[in-house]
Amino acid sequence: LRTKLFGNGRFFIQDPASMLPAHLLEPEAGDRILDLCAAPGGKTTHLAELARGKAAIVALDRHLWRAGLIVENAQRLATPGIMVACADGTQPPVLPGFDRVLVDAPCTGLGTLRRHPDLKWRVKREDPARLAETQRALLRSAVQLCKNAGVIVYSVCTLSSEETEGVVRSIVDEGAVVPEDGPEWLDQWKTETGKYRTRLDEGGLDGFFLTRLRKAC
């Protein structure tokens, strides 16, 4: 976009469903927050805004050019407290102890079919299972890096069971985290404890799956 308001950092464009992961994480002033798959920075900067610019946020992406997008958007929006690094979220160069961790994982993107109808032809039958392996690795990394009693949010903009329920079930079964509910105003999308889903055919939102987890002490 080349409008003056956009260039001056007055707004960021994203689907309303894309804003839910940051609200589900509930960042607070003083938190140490890790965003494992942060590019292009919409959720990262939203977290900073929700924490009133008083959280310390580490934002990662494994591709240098995409990490550059996070820097660009953080600077344009003038959101403080964000440190960006080019790193693989499954093996990030950070120490454990984060209060909150966001895993907005790479996925098949089938929840965005309204805007990307070509996905019907580009997504292969084996893609959900293949991506689920990466998603589990990212979520395990989040569990390791989150402090005891800290909060983790997992989100994907897709519909496949392998990338949604399947990923979360396998991590919960490992015993280090338990699902818990987020803010009550999100209950309109809640399917069960700690799990939320937006639908393409309701409310004009992209199809998102989100889960909030509490790390066991």
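Here, the structure is the one placed above.
Report on the accompanying structure. Being a predicted model, the structure only gives us computed values, none of them experimental.

**A word on the side chain of threonine 158**
Thought 1: Looking at the secondary structure, you find threonine 158 in the loop between strand S5 (146-156) and helix H7 (165-172).
Thought 2: Reaching out from threonine 158, the side chain makes a polar contact with the backbone nitrogen of leucine 110 at a distance of 3.4 Å.

**Regarding the packing of aromatic side chains**
Thought 1: Scanning the model with the defined rule gives one aromatic pair in all.
Thought 2: Judged by centre distance (6.4 Å) and plane angle (80°), the rings of tryptophan 185 and tryptophan 189 are edge-to-face.
Thought 3: Just above the ring of phenylalanine 98 sits the side chain of arginine 32; from NZ or CZ to the centre is 4.3 Å.
Thought 4: A cation over a ring is seen here: arginine 66 above tryptophan 65, with NZ or CZ 5.8 Å from the ring centre.

**A few points about the side chain of lysine 215**
Thought 1: With respect to the secondary-structure elements, lysine 215 resides in strand S9 (residues 209-215).
Thought 2: Within the structure, lysine 215 has its side chain in polar contact with the backbone oxygen of valine 143 (distance 2.7 Å).
Thought 3: Side-chain polar atoms of lysine 215 contact the backbone oxygen of cysteine 146, separated by 2.8 Å.
Thought 4: Ignoring anything within four residues of it in the chain, the contact list for lysine 215 reads Val143, Gln144, Cys146, Lys147, Asn148, Ala149, Gly150, Ala176 and Val177.

What counts, and at which threshold
Residues numbered from 1 in each chain as written. Predicted model: local features only at pLDDT ≥ 70, side-chain atom pairs only at ≥ 80, totals over all residues. Heavy atoms only, no water. Helix = DSSP H or I, 4+ residues; strand = E, 2+ residues; numbered from the N terminus. Polar contact = N/O pair within 3.5 Å; in protein donor to acceptor, adjacent residues only side chain to side chain. Phe/Tyr/Trp six-rings, centres within 6.5 Å; stacked < 30°, edge-to-face > 60°. Lys NZ or Arg CZ within 6 Å of the ring centre and 35° of its normal. Contact = heavy atoms within 4.5 Å.

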